[in-house]
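Summary of the model geometry
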Amino acid sequence: MSRTGACLLIALAVASMEGCGPSGAPPGGSGNPAEGRTEVTRQQCGACHEIPGVQQASGLVGPPLEHFGRRTMIAGLLPNTPDNLVRWLRNPQAITPGNAMPDVGLTDRQARDIAAYLDTLQ
Amino acid sequence: MNLSPRLRWVALGFGAAMVVIALGALGVIEGGVYNATAIQPHDPLSGWATHTTMTRYFQRHALGVAAPARFSATQITAGLRDYQASCVECHGGPAVARARWTSGITPSPPYLLDASRHWSSSELFLIIKEGVKMTAMPAWGLSRSDAQIWDLVAFLEAAPDLAPSAYARMAVAPQPSRPTSRSSAPPS
């Protein structure tokens with residue numbers, strides 16, 4: 001095999017590894033789940049929700065978020081897609097006015113990261 | 001002392017391990033290695049250790065605090081007023097967000113809508129009165145009477161039954177005139 005050919009093969013192999021597997025982007029969203037988990041702690045989501053993998057997240061106000069990544073509906077209203085989840089997280093009062101979940105002022109990035117973390121809760 | 005050679009080695013090893021652990025701990029403290037900033041939440045071990053220390057302290061010491069069997073509507077309203085004035089910025093309310101900067105506090109101050117499902121009235125009283133070290137929670141007992149603190153507890157006890165709309169209504173309702181002594185005020 002020529003040297004160029006070998007290099008090409010290696011490059012292809014590396015490229016295909018980056019495209020999938022646990023180190024790649026989370027399916028369906030552009031957020032970073034690890035950052036999202038930190039943000040969940042910072043925003044005190046766990047004061048109102050039980051959230052697996054987050055310390056002291058034992059809230060009894062809103063629904064528990066176990067298996068969130070497999071749930072079909074957000075707030076019983078929106079199909080559980082990453083974009084809908086970001087919309088809900090950023091502005092729950094616009095979607096269900098008067099519900100107990102406040103608009104906490106998340107940036108798009110923060111909401112995407114949190115959505116990515118919630119998606120890992122299978 | 002007459003130790004068998006084997007036991008002596010075990011004791012020596014144990015002592016050496018203790019010294020190494022102590023030196024390691026000193027190294028962490030003096031070396032500036034531990035992340036003391038508010039940027040990163042506690043690691044699981046520190047989070048567990050500090051939170052459990054705090055929880056057990058208040059559980060234990062609240063045993064000596066006698067709580068009223070029930071609270072009056074006047075107390076709840078007074079507590080809500082005080083909560084609005086002094087607590088909501090860090091702890092939020094039903095459909096009310098905390099101030100945005102509070103997510104930069106570590107540990108981050110919790111929403112308290114279900115605080116009374118996790119803590120007894122006596123525990124809440126002590127937490128508010130004495131504050132929590134190494135969090136941003138002040139000892140409100142330095143600026144408030146016990147009766148005023150019980151008003152806050154009254155509000156927290158009522159909070160789980162308070163719809164966001166009811167909270168919003170009570171929060172904007174005109175403030176009832178209330179003298180500084182509060183035990184004599186009849187329930188409204």
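Placed above this text is the structure.
What comes next is a walk through the structure. (Residues numbered from 1 in each chain as written. Chains lettered and ligands numbered in written order. Predicted model: local features only at pLDDT ≥ 70, side-chain atom pairs only at ≥ 80, totals over all residues. Heavy atoms only, no water.)

Focus on the overall build of chain A
Looking only at helices and strands, chain A features five helices and two strands. Of the regular secondary structure in chain A, the N- to C-terminal order runs α-α-β-β-α-α-α. The buried share of chain A, reckoned over its 122 residues, is 33%. Considering only contacts within chain A whose residues lie at least 6 apart along the sequence, 39% involve residues at least 24 apart. Surface accessibility of chain A: about 6900 Å² in total, with carbon and sulfur atoms responsible for 60%. (Helix = DSSP H or I, 4+ residues; strand = E, 2+ residues; numbered from the N terminus. Buried < 20%, exposed > 50% of the residue type's maximum accessible area, 1.4 Å probe, protein only. Contact = heavy atoms within 4.5 Å. Areas by Shrake-Rupley, 256 points an atom, 1.4 Å probe, with all protein chains shown as cover.)

So, the interface of chain A and chain B
How large an interface is tends to be reported as the accessible area lost when its parts come together. Tallying the contact residues gives 23 residues for chain A and 24 residues for chain B. Among the residues chain A hides against chain B, the three largest losses belong to Arg42, Gln44 and Gln55 of chain A. Together they make up 28% of the total. Linking chain A to chain B there are zero salt bridges. Inspection of the chain A/chain B interface yields nine residue pairs in polar contact (both at pLDDT 80 or more). The leading source of residues in the side of chain A that touches chain B is helix H2 (residues 33-42) of chain A, at three residues. Residue classes in the side of chain A that touches chain B are distributed as eight nonpolar, 13 polar and two charged. (Buried area = accessible area lost by both parts, 1.4 Å probe. Salt bridge = Lys/Arg side-chain N within 4 Å of Asp/Glu carboxyl O. Polar contact = N/O pair within 3.5 Å; in protein donor to acceptor, adjacent residues only side chain to side chain. Nonpolar A, V, L, I, M, F, W, Y, C, P; charged D, E, K, R; others polar.)

Topic: the packing of helix H3 (residues 73-86) of chain B against helix H8 (residues 164-172) of chain B
Residue and element names in this part refer to chain B. Interhelical geometry of H3 versus H8 gives an angle of 85° and a closest axis separation of 10 Å. On the basis of the axis angle, H3 is roughly perpendicular to H8. Residues Ile76, Thr77, Leu80, Arg81, Tyr83 and Gln84 of H3 touch H8, and the partners they reach there are Tyr167, Met170 and Ala171. Here the residues of the contact of H3 with H8 are counted per class, giving six nonpolar, two polar and one charged. (Axes fitted to C-alpha atoms, helices over the stretch in contact; angles between N-to-C directions. Parallel < 35°, antiparallel > 145°, perpendicular 65-115°, else oblique.)

Some words on helix H3 (residues 82-90) of chain A
Each α-helix winds once per 3.6 residues, and so residues spaced three or four apart point in a common direction. If you check which residues of H3 of chain A are buried, you get Asn84, Leu85, Val86, Trp88 and Leu89 of chain A. Those residues of H3 of chain A hidden inside the fold are in contact with strand S1 (73-74), strand S2 (78-79), helix H4 (92-95) and helix H5 (108-119) of chain A.

With respect to the packing of aromatic side chains
Think of a pair of aromatic rings as described by two things: how far the centres are apart, and how the planes are tilted against each other in angle. All names here are of chain B. In the structure shown here, the tally under the stated rule is five aromatic pairs over all chains. Note on Phe125 and Trp150: the rings are 4.2 Å apart at their centroids and 15° apart in plane angle, and the pair reads as stacked. Of this pair, Phe125 sits in helix H6 (residues 121-130) while Trp150 sits in helix H7 (residues 146-158), and the two are 25 residues apart along the sequence. The class of Phe125 is buried, set by a relative accessible area of 5%. Of the residues examined, Trp150 reaches a relative accessible area of 12% and is grouped as buried. Both rings, one in Phe155 and one in Tyr167, keep their centres 6.1 Å apart while their planes meet at 40°; by these two values the pair is tilted. Of the two residues, Phe155 sits in helix H7 while Tyr167 sits in helix H8, which places them twelve residues apart along the sequence. Tyr167 sits in the buried class, given a relative accessible area of 1%. One aromatic cluster in this structure is built from Phe71, Phe125 and Trp150. (Phe/Tyr/Trp six-rings, centres within 6.5 Å; stacked < 30°, edge-to-face > 60°.)

Regarding the pattern of salt bridges
Residue and element names in this part refer to chain A. In total, this model carries seven salt bridges over all chains according to the counting rule given. Here Asp108 makes a salt bridge to Arg112, at a shortest N to O gap of 3.3 Å. In this pair, Asp108 and Arg112 are both assigned in helix H5, four residues apart and thus about one turn of the helix distant. Of the residues examined, Asp108 reaches a relative accessible area of 35% and is grouped as partly exposed.

Digging into unusual backbone geometry
In this structure, the amide linkage connecting Thr106 of chain B to the following residue, Pro107 of chain B, adopts the cis form with an omega of -5°. The residue Pro107 of chain B is located in the loop between helix H4 (88-91) and helix H5 (115-118) in this model. A positive phi angle, close to 60°, is found at Gln44 of chain A, a residue other than glycine. Phi at Met134 of chain B is positive, roughly 60°, even though this residue is not glycine.

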